[in-house]
Structures are given as structure tokens and as C-alpha cells.
Amino acid sequence: MEFTDKEKKTIDDRFENLVSSCLQKYSDERIEDVRKAFDFANKAHYPIRRKSGEPYILHPISVAQICGVELNMGATSIIAALLHDVVEDTDYTVEDIERYFGLEVAKMVEGLTKISGVISVSNSLQYENFKKILISMTQDIRVILIKLADRLHNIRTLDSMPRHKQLKIASETLFIFAPIAHRLGLYAVKNELEDNAFKIKQPKEFHEIEQKLKDTESHRVLFINKFTLPIAARLTEKQYDFDVSGRSKSIYSIYQKMQRKSVTFEEIYDLFAIRIIFTPKKEDGSEKEQCFKIYSIVTDIYKPRPDRLRDWVTTPKENDYEALHSTVMGPNGNWVEVQIRTVRMDNIAEYGCAAHSNYKEEQKSGKYIDKWFSHIRETMDTEDPNGSELMDNLKSTLSTNEIIVFTPKGDTRSFPIGSTALDYAYDIHKEIGNMAISAKVNYKNYPLSYVLKNGDQIEIITSKKQTPQEKWLDFVQTPRARQYLRKNLNHQSTSLAKKGRELLHNHLKEMKLVVTPRILEKIRTYFDIDQGKDDLLTYIRVAQEDISFETLKKILRQNSKEKKILFWNIGNKESNVKKNAITTSAKNNYKLAECCRPLPGDPVQGFAIKPNSIEIHHLNCPEAIKLSSQYGDKIVQVDWFSDEQKAFLTGIKLTGIDRMGIISDMTQVLTKELNINIRSLNFYSHDGIFEGAIELYVRNFDDLQEIINKLKRTKGVDKVFRSA
Ligand code: MN
């Protein structure tokens, strides 16, 4: 349908608005180029409309607007943004773009076309797509910034899409685009992507938190004023040019914290942070010195929590973030986070990598980001037959939770949280990794499994006699180290496994026994190997330890369940519990996912991956987020409810202070007061603390909530939460 005059005017107005909002930044010549790109795209997309009915061209204009205004990008990027869907959606080719706009723009549009092409192909495995996204990103970072702008606009305007498409886009956003934005330091973009995706996936939870934030706002504003007033007074007195304000956490991060710490909205103390942004004085020392002067002013007024000073001024985060964070005791006895940064630092925090002036018109980015990119390229060189490990690797590549350690010479290296001394060894050099025997951490000896802490100084002790060990796989964390280790182990392991198998076979023969799964299970328990691991590893360990006849005899006599204090099993086998799910088409079979065990009343999502079978996951299940980004087209909408008679197996974990009779008190509550069927009850006690896991049958989500609340009120019980 042709556009109406009113629509044509809207298009022109929106474009003029784009030009005027970027005017001051570009030369007249560049603005002419931008106009040319707009005319081209406008004609190319004519008279196509979006699902919502509005002219399609409004989308590329909005994307260009985000690039220019929110991401502070240059004219070349604005041009590429205006043209980003032309090759994808019209008859024009990349060659046409090159003819009119030159090679640079054509290459960017080609990159953007490849990305959108792969994402919309519904049947291919999504990890291939992620690979392509990351490859094109590492070639020209502007391409991924435009892609993020594209995604941001799409997720802001999803309303007219069918539900399953919305869910797919939301999952993809949470799985890859938000982490990329975070990694690039684009905090505002990341928060908006996440909040929008969360709103689509769990509208009820989103609106609840949104409402609570609104309800508590006036109270919060009052508190922030009271808190900041004395600080502002002192800073004015000292003649600082500053701005102090309170900023709320994003809705999604509040939700994540509630889930992670198993707390309610009301129990979150750091709903907001105080931010002090200042222009450094000319003759008052370095930016760093001035940050600490202000820190000193703040802590003269409010007492700091000593373990909560985060100095990202001296050592910026890997995504270039700089600021001084501290937590202080506020006037009402609450902990309050205070962030101190200069205007320049604030600019980096807002625009991330896009804040570096050198890359408005070039492909260059900060040195940290370059290093990150080379890591990504390395990860993708890994050969991986099924792609699942690659997905996990990419995920950890995207993770920003990192720590910084020092080499003996005082250089810094950064690692994901949880990395070990062995990861450090492999990061220094692969041969150092292969020959590592132990680590010196701050001049003390530790095993290679030592988990790195922020600020550690590490030295790796090596030996020429050392060879890579299979058991290292249990604690090595980074994809790069894992990859090197695997490569070297493959050579060794085949011959070792053969040796181990012969050894075991000969010993057992003396006892007139043969190798059975039961025997292998006992050996695994002895070596503390995961029961899920294959036999190869077991044989290798037998060879490595050179297991003796006597040891083997001892192992076979041992009982594997030593640790448990109490084990309880009450009838009610799982097979008796019928599963009851109702979907839009009633002919399918249903499987409730084992990983998250959704209960009636939980928000759920279905996947029709295998023919005639729907797998039902909790909407929040990490596995489901992964699946929905991999199999976006296989998502089916499912309502999950059950009649009142049926019961479902679920788990609770709890911790508390061990006291006489606490277990019987708890079972009393469960079986007598609530009339709940318990399947198993496991308690471990150490140093006066107990940890427990209960498996029990409940009818639905509300039942479970009631049980959790009752248990929380039992004397001595500290934390109670659902385990899956
Ligand atoms: Mn687009």
C-alpha cells in the first residue's frame, strides 16, 4: 500500500530530526553523504511496511538515531545503519552499495546482512550464527554496535510480533546481545536490552518489580536527598565542579539478585547507588588523587565498609570501566554504595568502547577489547563436533566477571572469576602450562587448583619431567587452557588408558573377577571421579596411580555412601506420579525437564525439538535460555497446570545452625503440619553448621512456597530455597 502524505511527512521529519541531533558533530560534506544514504534506503524499501503497519524505513532511521545519539558513532556508521537492511530485504546487492557509497560502507552492510541472514534461518543450529556474529564483530567493531542498535530498536517495538517470535528474540538478547553490550562497557544499552527481554519473558515478575520501584520511589528520593546533602555541602566548600545523584538498579538486575540470593524485593539493600561525577581541578593532582580526595570527604561523613572499596581507577575493568566504588553506612544504618568518577570516566561508563574518540571513524578500539577479540578468535578455532562446548566457551568468553592478578614482574593479567593457577600458567605460555607442578601465590606454595583472587601475584613452578594431567580438566576454567590441555592429553591418554585397563584386568583376574560397571563405579568413587564420566578416565587414573592389588581389594570392600548422616526414603515412587500438561495441541507427549522440574503454577516454556514430544522447562532455567536461542523456531506456548490431586517431585535446599532435634522439628512441620510426602532427606553437618537437601512431592508452586515459608520459621534454620 502506497504511503499517505502524512506518513511521508513523518518519514521526512524523523530523518531531519536525526540530522539535527547529529549536526554539530559532522561536516557539511558528511551530512550530504548521510542524506544520500537516506534517499537510497527510502527508495529501496518503498513501499514496504513493518508488522506494525508503519513504513519500514522508520526502522533504519531509528537505528541510525541510536547509533548517532546513544552510541555516539560517526557518519560512516550512520550511513551503514541507514542502509543496514537494504541488501537483506530488497533487490539491491552489496556491489550496488559499493558503487554508490564506497568499499568501507559496503563491507559494513555486508557484515550486517550476514548477521541478520543467519539469525532468521530458523533450522540451522544457532551456535553457527553466534560464531558468525562474533567473527564479524572482531573484524569491525562498528558492525556489532550497529547490530546492537538494531536489536535495541527491534526489542523496543516487538508488540505486533507473534508470541513465539517475541520469546525467541528475548532469549537471544539475554544469551548473546546483552552480554556483548556489557562486555563492550555499554551499560545503558545492556540494561535496556535486558529489561525489555525480561518484560517479554516474564511480564508478571517484571511489572511487580516495576510497581514496587514506583511505590517506594518517593521514600527513596527523600533518603537520597538526606544522604547527599552533607556531601554536596562539603564538595561545594572545597570548590569542586560536581554532580551528585542516586541511580536505581535495572529491573532485571534486581530480579536476578532476588533469585540469586533468594531474597525478597524488600530485603535488597542496594536498590540504588549514589554517583558523584566531577570535573577534575586543574592544579589539584591527578584524576586518581582527586577521586581519593573525594572518597576521603565522603568517608569523613559516613563510615566506610573496609572490605568494599573497589578501585577501578588504578586498574580499570577489562571493558575499560573506571571509577572508585565504596560502600558506606548511611544515616539510617543502611549500607549505601557510592561511585566516584570524573566526567571522562563517566563518558566511558555510558558509551563504553564507543567513547574512545579514535574510533568514531576508524575500526580501532581499546587495547583490552583488542585482547578480548583475539581470545574470541582463538576460541573459535577450536574444533568441536557438536558445538555445545563451543557455546559454553563463547558464553564464558562473554562473561565480564573478572579478576586481575600480577605476574612476578608486576604486569597485570585478567581472568574470569573462578580461574585457577593452572589457567594462569596456560595464559603465560602453553609449555608453562604443560610443565606446571605448583604455584607460588604471594610467595607461598599452592597447588595448581588454587583459585585466583583479585590482586594475587602468581609465579608458576615448572619441571621438565612434568606432563599434562587428566585430572587438571576438573579445575581448569578458561577455554584457551582447556583447549591446550585437551590437545596434549589426547596424545597421552590412549596409551595410558590401555595400560590402566590391562593393570585392572590382571589384578581382577587374580581375584577371579572381571570388570563390571559396579566395580568401575567403586573405583570412580575412590578417585572422586564424576559417575557420569566415561570409563577411559577411570582406566587412566588406574594407570597413573599404578594401583596395587592391595589397594584394589580395599576399594572393592568400601561402601560408597559414607558421608551421609541420614537417608530417608518414603514410598511414593516417581513413576506413580502422572505428568499432566495441557498445550494448544493435545496430541503431543510431554516431558518435564529434569534440570528445572517445573511445577504447576511456574512460568514455563515448551520446546518441540524431538518429534511428537514437548519438553517443558521453567522459563528461568539456564538450559531453556540456551535452548530457545538455539531452537527459536521450536518454542511452543504451553500452559502448565494440573488438577489438585497430583503431586510433583521437587527439591529444597536449606542451611542453618545445627542443634539437637532440628531435623525432627523440620520433618514434623513437613509431615504433620503440612501433610507432605518426603522422598528423601539428606543432611550434612560440619562445624556446627548444617546443610540439607529435601526431595518432596507438592501439588503446585503455591504449596512449595508455603512449605518454604514454614521451614524458614523453624528455629535454627537460616536459608531455605528451591533447588530445582
Ligand atoms: Mn534491522
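Structure: see above.
Here we summarise the structure given alongside this text. These numbers come from a predicted model, not from an experiment.

Looking at the packing of aromatic side chains
Piece 1. Tallying each qualifying case throughout the model produces 19 aromatic pairs.
Piece 2. Note on Phe227 and Tyr302: the rings are 4.2 Å apart at their centroids and 5 degrees apart in plane angle, and the pair reads as stacked. Taken together, the residues span a long stretch of sequence, with Phe227 in helix α12 (residues 217–237) and Tyr302 in the loop between α14 (287–301) and β3 (310–311) at a distance of 75 residues.
Piece 3. We classify Phe227 as buried; its relative accessible area is 0%.
Piece 4. Its relative accessible area of 8% is what places Tyr302 among the buried residues.
Piece 5. Between Tyr426 and Tyr484, the aromatic rings sit 6.2 Å apart at their centres with planes inclined by 35 degrees, giving tilted as the arrangement.

A short note on the coordination of the manganese ion
Piece 1. On the protein side, the manganese ion has His59 (NE2), His84 (NE2), Asp85 (OD) and Asp150 (OD) as donor atoms, found 2.3 to 2.4 Å from it.
Piece 2. If you list the donors of the manganese ion from N- to C-terminus, the spacing comes out as H-x24-H-D-x64-D. Pair noted here: His59 is in helix α3 (residues 58–70) and Asp150 is in helix α8 (residues 141–156), with a separation of 91 residues, a long-range link.
Piece 3. Asp150 sits in the buried class, given a relative accessible area of 6%.

What about the packing of α3 against α8?
Piece 1. Interhelical geometry of α3 versus α8 gives an angle of 120 degrees and a closest axis separation of 9 Å. By the criterion of interaxial angle, the relationship of α3 to α8 is oblique. Crossing handedness for the pair α3 and α8: right-handed. Packed against α3, whose contacting residues are His59, Ser62, Val63, Ile66, Cys67 and Glu70, the element α8 presents Ile146, Ala149, Asp150, Leu152, His153, Asn154 and Arg156 at the interface.
Piece 2. Classifying every residue of the contact of α3 with α8 by side-chain character gives six nonpolar, four polar and three charged.

Comments concerning the environment of Arg220
Piece 1. Mapped onto the elements of the fold, Arg220 is located in helix α12.
Piece 2. On a C-alpha basis, the gap between Arg220 and Ser248 in space is 9.4 Å, while along the polypeptide they are 28 residues apart.
Piece 3. A polar side-chain atom of Arg220 sits 3.1 Å from the main-chain carbonyl oxygen of Leu213.

What about the sheet that holds strand β8 (residues 436–441)?
Piece 1. Sheet architecture is open: three strands sit in the order β9-β8-β10, paired in antiparallel fashion. Looking at which strands have only one partner, the edges of the open sheet turn out to be β9 (444–446) and β10 (458–462). Each strand axis lies, on average, 35 degrees off the axis of its neighbour in the sheet, ignoring direction.
Piece 2. Two elements, β8 and β10, share five bridges in a ladder whose sense is antiparallel. Paired with Val441 across the two strands is Ile458, which belongs to β10.

Some details on the pattern of salt bridges
Piece 1. Scanning the model with the defined rule gives 25 salt bridges in all.
Piece 2. Notably, a salt bridge pairs Arg156 with Glu192, separated by 2.5 Å at the nearest N-O pair. With Arg156 in helix α8 and Glu192 in helix α10 (residues 187–201), this pair connects stretches of sequence that are 36 residues apart.
Piece 3. Using a relative accessible area of 26% as the deciding quantity, one classes Glu192 as partly exposed.
Piece 4. Close ionic contact of Glu194 with Lys190 constitutes a salt bridge, the shortest N to O distance being 3.8 Å. Of this pair, Glu194 and Lys190 are both found in helix α10, four residues apart, which corresponds to roughly one turn of the helix.

Considerations on the nonpolar core
Piece 1. Leu82, Leu83 and Ile97 are the most contacted members of the largest nonpolar core, which has 104 residues in total.
Piece 2. Split by domain, the residues of this core number at least three in each of domain 1 (5–201) and domain 2 (210–355).
Piece 3. Among residues more than four places away in sequence, those in contact with Leu83 are Ala37, Phe40, Ala41, Ile97, Phe101, Val105 and Val109.
Piece 4. Core analysis: the next-biggest nonpolar cluster, separate from the first, contains 29 residues, Val669, Ile678, Leu681 and Phe683 among them.

Points about the environment of Asn42
Piece 1. For Asn42, the position within the fold is in helix α2 (residues 28–45).
Piece 2. With a relative accessible area of 19%, Asn42 lands in the buried category.
Piece 3. Along the backbone, Asn42 and Ile61 are 19 residues apart, and their C-alpha atoms lie at a distance of 9.5 Å.
Piece 4. Among all residues touching Asn42, those that are not within four sequence positions of it are Ile11 and Ile57.

Points about unusual backbone geometry
Piece 1. The residue after Tyr46, namely Pro47, is reached through a cis peptide bond having omega -5 degrees.
Piece 2. Positionally, Pro47 belongs in the loop between α2 and α3.
Piece 3. Positive phi, normally seen in glycine, also occurs at Lys512, with a value near 60 degrees.
Piece 4. Among the structural elements, Lys512 can be located in the loop between α20 (479–510) and α21 (517–527).
Piece 5. What makes Lys512 exposed here is its relative accessible area of 74%.

Concerning the environment of Arg679
Piece 1. Tracing the backbone through its elements, the reader meets Arg679 in strand β18 (residues 677–686).
Piece 2. With 30 residues separating them along the chain, Arg679 and Leu649 place their C-alpha atoms 8.2 Å apart.

Examining the packing of helix α9 (residues 163–183) against α10
Piece 1. Where α9 contacts α10, the axes come no closer than 9 Å and their chain directions differ by 155 degrees. By the angle between their directions, the pair α9 and α10 is classed as roughly antiparallel. Like other packed secondary-structure pairs, α9 and α10 cross with a definite hand, here left-handed. Contact residues: Arg163, Gln166, Leu167, Ala170, Ser171, Thr173, Leu174, Phe177, Ala178, Ala181 and His182 in α9; Tyr187, Val189, Lys190, Leu193, Glu194, Ala197, Ile200 and Lys201 in α10.

Definitions and limits used
Residues numbered from 1 in each chain as written. Predicted model: local features only at pLDDT ≥ 70, side-chain atom pairs only at ≥ 80, totals over all residues. Heavy atoms only, no water. Phe/Tyr/Trp six-rings, centres within 6.5 Å; stacked < 30°, edge-to-face > 60°. Helix = DSSP H or I, 4+ residues; strand = E, 2+ residues; numbered from the N terminus. Buried < 20%, exposed > 50% of the residue type's maximum accessible area, 1.4 Å probe, protein only. Donors = N, O, S within 2.8 Å, 3.2 Å for Na, K, Ca; no water. Axes fitted to C-alpha atoms, helices over the stretch in contact; angles between N-to-C directions. Parallel < 35°, antiparallel > 145°, perpendicular 65-115°, else oblique. Left-handed = near helix turned anticlockwise from the far one by under 90°. Contact = heavy atoms within 4.5 Å. Nonpolar A, V, L, I, M, F, W, Y, C, P; charged D, E, K, R; others polar. Polar contact = N/O pair within 3.5 Å; in protein donor to acceptor, adjacent residues only side chain to side chain. Pairing = 2+ DSSP bridges. Salt bridge = Lys/Arg side-chain N within 4 Å of Asp/Glu carboxyl O. Core = buried A, V, L, I, M, F, W, Y, C linked by side-chain atoms within 4.5 Å. Domains from an automatic or database assignment.

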